[in-house]
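# Chains, contacts and geometry: an overview
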Protein chains: 2
Amino acid sequence: MNNFTLYTPTKIRFGKGQIAKLSSEIPKDAKVLMLYGGGSIKRNGVYEQVVTALDGYDLHEFSGIEPNPAYETLIKAVAYIRENGINYLLAVGGGSVIDGTKFIAAAVDYPGDPWKIVTNGGQDIRSALPISCVLTLPATGSETNCFSVVSRRETGDKQSFGNPLVHPKCAILDPQTTFTLPPRQTANGVVDAFIHTLEQYLTYPVNAKIQDRFAEGILLTLIEEGPKVLANPDDYDSRANVMWAATQALSGLIGAGVPQDWATHALGHEITALHGLDHAQTLAIVLPALLHEKRKTKREKLLQYAERIWHLTDGSEESRIECAIEATRVFFEEMGVKTRFSDYQIDDSGIPQLVAKLIEHGQTALGEQQDITPQVSERIYRAAV
Amino acid sequence: MNNFTLYTPTKIRFGKGQIAKLSSEIPKDAKVLMLYGGGSIKRNGVYEQVVTALDGYDLHEFSGIEPNPAYETLIKAVAYIRENGINYLLAVGGGSVIDGTKFIAAAVDYPGDPWKIVTNGGQDIRSALPISCVLTLPATGSETNCFSVVSRRETGDKQSFGNPLVHPKCAILDPQTTFTLPPRQTANGVVDAFIHTLEQYLTYPVNAKIQDRFAEGILLTLIEEGPKVLANPDDYDSRANVMWAATQALSGLIGAGVPQDWATHALGHEITALHGLDHAQTLAIVLPALLHEKRKTKREKLLQYAERIWHLTDGSEESRIECAIEATRVFFEEMGVKTRFSDYQIDDSGIPQLVAKLIEHGQTALGEQQDITPQVSERIYRAAV
């Protein structure tokens, strides 16, 4: 096991009716800005629950944070906060709203060009407004971690940053808020959480047994419960299991002390930036091709994955590995998330541009072995056409 | 899955050489009291590492916190703190030292009789000194949770309390500090962590798949790695896996949203108080008898345990359950922890007194069903002779 530091200070309130407890978590005298997306929270009753829970607070609103939150939108919220003396942020939504809120929290007192928060990876953040969140879309794990991904439309950039100062103080997770999610978002969330888990698991062994078993527990849960939430959107238990699995997939716990490989995310971000596909769609395109490309250096963990997750114990090592990758692809497809560029009517003509963007973003030595060079990335993209 | 609140704010620094990072975690101007036990940390080099790491600090010492920390000892530390203006506590040791330090932290500003901290279960603690810890014995999970068990020698009481104010700020876990543990303490730690896990797992199903899988991951890890740390005390990887398993067993994570059954601990505490056995020895005596007694209400989870942990899938349900209980007993015995009163030269004559103490401490409706009455507890004790 490698050395690690693990810090997960977010207080989690999980279950039915937890939104009503918001007033126990946010100081009564806070000047609160509630941030949300396109308005689905008004249709599913979450908006009303939040406003009721915060009755008596000085409550402001900022809506319109889009999927893959845009820098151009977020800086408008920063201006609003400065003008109105807001001192507490409440993100209500999925990973995009929470990620966007983290950027906003850090930008309010950031000296100079706020885009540098992102380009510097968050390391020079010195203060941030306190954040809490009400999660409505289990997927990214943003609700309890200190990471954020922000896009800049004018340049086609999508990049991440992280800093302990943007950990949410409290995360409210009520699985009932996910009953009305469109199937596509539900499926995207399951696939996103599954791939987050694999990116911390499918590298090389370091004899970290707890981390491996926990990761496998998340994967098995998503495989069992993912199809159920698609088939029965208001099955509370399955929604709860998916929600908790997605949080644990990127809370920091399963990645503590083990090598990690975020190449799938890096390659996927460029696809979203160029072609506008959903985040999870891009990951589902990249991952199978990446695992096939890196099957030699990931051999031992791929065999463990084949055995413990897909119960593949017969046949040659090569065939077990190929079957495990194929089973992963089939799982994504069964969730309704397609796994090839061509499924989204995208041909190979954009690949040079994707690779150029990877280079521009310094993503030239990816993977747990830092051996996914632009040439290798290009092979992965081409194998995914 | 049941509703839950999970709050795990302790920053964990895990791995080789982490003690040297203490000065990054404790404010430079803190007046620090280092608390420890019987002096083993002076023999194994941990004392020296801590003192070196805190060079330049106003560092005081309080030694002599014993296993099952005694109220009578702890109030002496409280007096020392008040006299010397100490404002930061650093526990260096195992669960007893950390538990004792939590009591001390809460007692310093507690109005009135400090024993009420314990008898009130910690609920009226209003402030506590900040605590960090250097763990040297993986077992209790105290390093990242907010619970403590304190004994009072003059009355033969051993009781627990908990409050979020006594969460350690930082926990340093260097597996190398455990290389020199006596085999008995190593084994006790493995058994303690294993039983903590079972007490949050072997109840009734609530379809909490992540919690179940994580609990099973801890159990499997302890079964695999426990014998290895006995056989090869300086096997870093196995020591690291046991240490991380023990922390996760009682961090709050696997117990969030599931029923819990702490009857084994309640019955065990009385055995320690009356007969002076090690904590883990008492648990190893009580658990198999308790599981047998409650095999009907715990049937579904016992079958899951039998299958996923001990790979028992053939035979009648009854036989699989009995085999799983027996396998658990054999595991404890193989770790060198005996599982019957008679192994410790204790007969049944003390049982009425054990039951009387349970009643005195209000432990009259134990277990996840609150159906372990004093009569049932007596049956369990008698079955364990």
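Here the residue numbers are simple positions, counted from 1 along each chain's written sequence. Written order decides the labels, with chains lettered from A and ligands numbered from 1. Only residues with pLDDT of 70 or above have their local features reported here, since the model is predicted, and side-chain atom pairs are shown and tallied only from 80 upward, although totals for entire chains, interfaces and linings are computed over all residues. Processing note: side-chain calculations cover all non-hydrogen atoms of the structure and skip hydrogens and water entirely.

## Things to note about the overall build of chain A
Broken down by element type, chain A carries 15 helices and eight strands. In terms of overall dimensions, chain A is globule-like: its C-alpha atoms have a radius of gyration of 20 Å, near the 21 Å expected for 385 residues. Each of the three principal axes of chain A carries a C-alpha extent, and together these read 65 × 45 × 45 Å. Counting all 385 residues of chain A, 62% fall into the buried class. Should any heavy atoms of two residues lie within 4.5 Å, those residues are considered in contact. For chain A, long-range pairs separated by at least 24 residues make up 78% of all intrachain contacts whose partners lie at least 6 apart in sequence. For helices the rule is a DSSP run of H or I covering at least 4 residues; for strands it is a run of E covering at least 2, with both sets numbered from the N terminus onward. Note on method: radius of gyration uses C-alpha positions; expected globular size equals 2.2 Å times residues raised to 0.38. Exposure classes here rest on a 1.4 Å probe applied to the protein chains alone. A residue is buried below 20% of its type maximum, exposed above 50%, and partly exposed in between.

## Brief notes about the interface of chain B and chain A
Contacts between the two partners involve 39 residues from chain B and, on the opposite side, 39 residues from chain A. Buried area between chain B and chain A, summed over both chains or domains, comes out near 3,600 Å², and the portion from carbon and sulfur atoms is 55%. Every case where a carboxyl oxygen of Asp or Glu lies within 4 Å of a side-chain nitrogen of Lys or Arg is listed as a salt bridge. For the pair chain B and chain A, the number of links is six salt bridges. Notably, a salt bridge pairs A:Lys209 with B:Glu224, separated by 2.8 Å at the nearest N-O pair. Here's the idea: put two parts together, see how much 1.4 Å probe accessible area each one loses, and the total over both is what we call buried area.

## With respect to the sheet that holds strand 4 (residues 88-93) of chain A
Two strands pair under a simple rule: DSSP has to find at least two bridges between them. Strand order in the open sheet formed by 12 strands is 3(A)-2(A)-4(A)-5(A)-8(A)-1(A)-1(B)-8(B)-5(B)-4(B)-2(B)-3(B), with mixed pairing between adjacent strands. Edge positions in the open sheet fall to strand 3 (58-62) of chain A together with strand 3 (58-62) of chain B, since each of these has one partner strand only. Averaged over neighbouring strand pairs, the angle between their axes works out to 25° when direction is ignored. As defined by bridge partners, strand 1 (residues 4-14) of chain A adjoins strand 1 (residues 4-14) of chain B across seven bridges and the pair is classed as antiparallel. Paired with A:Phe4 across the two strands is B:Phe14, which belongs to strand 1 of chain B. Across the sheet, helix 5 (residues 95-107) of chain A touches strand 2 (31-35), strand 4 and strand 5 (131-135) of chain A, and the angle it forms with strand 4 of chain A is around 165°. Axis angles are defined between N-to-C directions and span 0 to 180 degrees, where every axis is a line fitted to C-alpha atoms and, for a helix, only to the segment in contact. Strands strand 2 (31-35), strand 3 and strand 4 (88-93) of chain B of the sheet are contacted by helix 4 (residues 71-84) of chain B, whose axis makes an angle of about 155° with strand 3 of chain B.

## Considering the relation of the copies chain B and chain A
A residue counts toward the fit only if its pLDDT is at least 70 in both copies, and the copies are then superposed by least squares on the C-alpha atoms of those residues. Here chain B sits on chain A after a turn of 180° about the axis and a move of 0.0 Å along it, with an RMSD of 0.0 Å. Here the transformation between the copies is reduced to the relation of a two-fold axis. In terms of C-alpha distance to the rotation axis, chain B has B:Pro9 as its closest residue, with the C-alpha 2.0 Å off the axis. Looking at the interface residues of chain B, 100% of them are also at the interface in chain A, so both copies use one shared face.

## Here we look at the pattern of salt bridges
What the rule picks out here adds up to 46 salt bridges over all chains. A salt bridge links A:Lys11 to A:Glu25, with the nearest nitrogen and oxygen atoms 3.1 Å apart. You can see A:Lys11 sitting in strand 1 and its partner A:Glu25 sitting in helix 1 (residues 22-25), a full 14 residues away along the chain. Of the residues examined, A:Lys11 reaches a relative accessible area of 23% and is grouped as partly exposed. A:Glu25 sits in the buried class, given a relative accessible area of 17%. The residue A:Glu326 makes a salt bridge to A:Arg329 at a minimum N-O spacing of 3.7 Å. In this pair, A:Glu326 and A:Arg329 both sit in helix 13 (residues 317-334), three residues apart, roughly one turn of the helix. Owing to a relative accessible area of 40%, A:Glu326 belongs among the partly exposed residues under this scheme. Residues joined by salt bridges that share partners form a network here, namely A:Lys209, A:Arg213, B:Glu224, B:Glu225 and B:Lys228.

## Some details on the nonpolar core
A:Tyr305 and B:Tyr305 are the most contacted members of the largest nonpolar core, which totals 225 residues. Setting aside chain neighbours within four positions, we find A:Tyr305 in contact with A:Phe194, A:Leu198, A:Tyr201, A:Leu202, A:Leu219, A:Trp310, A:Ala324 and A:Thr328. For our purposes a nonpolar core is just a set of buried Ala, Val, Leu, Ile, Met, Phe, Trp, Tyr and Cys residues, chained together by side-chain atoms within 4.5 Å.

## Things to note about the side chain of B:Thr178
Residues and elements named next belong to chain B. Relative to the helices and strands, threonine 178 resides in the loop between strand 8 (170-173) and helix 7 (183-201). For threonine 178, a relative accessible area of 1% puts it in the buried group. Non-local contacts of threonine 178, meaning those with residues more than four positions away in its chain, are made with Thr136, Pro138, Arg239 and Met243.

## A look at the domain arrangement of chain A
Residues and elements named next belong to chain A. What counts as a domain boundary in this text is fixed by an automatic or database domain assignment. One can read the domain layout of chain A as domain 1 (11-177) and domain 2 (183-384). On a C-alpha basis, the centres of domain 1 and domain 2 stand 26 Å from each other. Facing 25 residues of domain 1, the contacting portion of domain 2 comprises 23 residues. Each partner contributes to the roughly 2,000 Å² buried at the junction of domain 1 and domain 2, and carbon and sulfur atoms together form 63% of this total. Among the residues of domain 1 in contact with domain 2, Pro138, Lys158 and Pro175 are the three that bury the most area, contributing 28% of the side total. Between domain 1 and domain 2 we count one salt bridge in total. Pairs of N or O atoms within 3.5 Å make up the polar contacts considered here, provided that, within protein, one atom can donate a hydrogen while the other can accept it, and that residues adjacent in sequence are counted only when both atoms are side-chain atoms. Run the count over domain 1 and domain 2 and you get six residue pairs in polar contact (both at pLDDT 80 or more).

## Notes on the pairing of strand 1 of chain B
Residue and element names in this part refer to chain B. Most of strand 1 is tucked away: eight of the 11 residues are buried. Two strands pair when backbone bridges link them, and strand 1 and strand 8 are joined in this way by four bridges, in the parallel orientation. Paired with lysine 11 across the two strands is cysteine 170, which belongs to strand 8.

## Concerning empty space enclosed by the protein
Both site types are read off a 1 Å grid over the protein atoms alone. A 1.4 Å probe that fits but cannot get out defines a cavity, while an open set with protein on both sides within 12 Å along at least five of seven lines defines a pocket; lining residues have an atom within 4 Å of a point. Grid points are joined across faces, edges and corners, and a volume is the space filled by probe spheres set on the points. Inspection of every chain in the model, using the stated rule, returns six cavities of 30 Å³ or more. As a volume, the largest cavity reaches approximately 240 Å³. Considering the residues around the largest cavity, the lining is formed by 16 residues, among which A:Leu6, A:Thr8, A:Leu253, B:Thr8 and B:Leu253 are closest to the centre. Elements that contribute at least two residues to the lining of the largest cavity include exactly strand 1 of chain A together with strand 1 of chain B.

## Considering the environment of A:Ala356
Take A:Ala356: it is sitting in helix 14 (residues 351-360). Separated by 100 residues in the primary sequence, A:Ala356 and A:Ala256 have C-alpha atoms spaced 32 Å apart.

## Let's talk about the UniProt feature "domain: Fe-containing alcohol dehydrogenase-like C-terminal" (unreviewed entry) in chain A
UniProt positions are given in the numbering used here, feature names are shortened, and annotations may be inferred rather than shown by experiment. Mapped onto this numbering, the UniProt entry gives "domain: Fe-containing alcohol dehydrogenase-like C-terminal" (unreviewed entry) at residues 186-384 of chain A. In residues 186-384 of chain A, the share of helix is 64% and the share of strand is 0%. The end C-alpha atoms are 23 Å apart.

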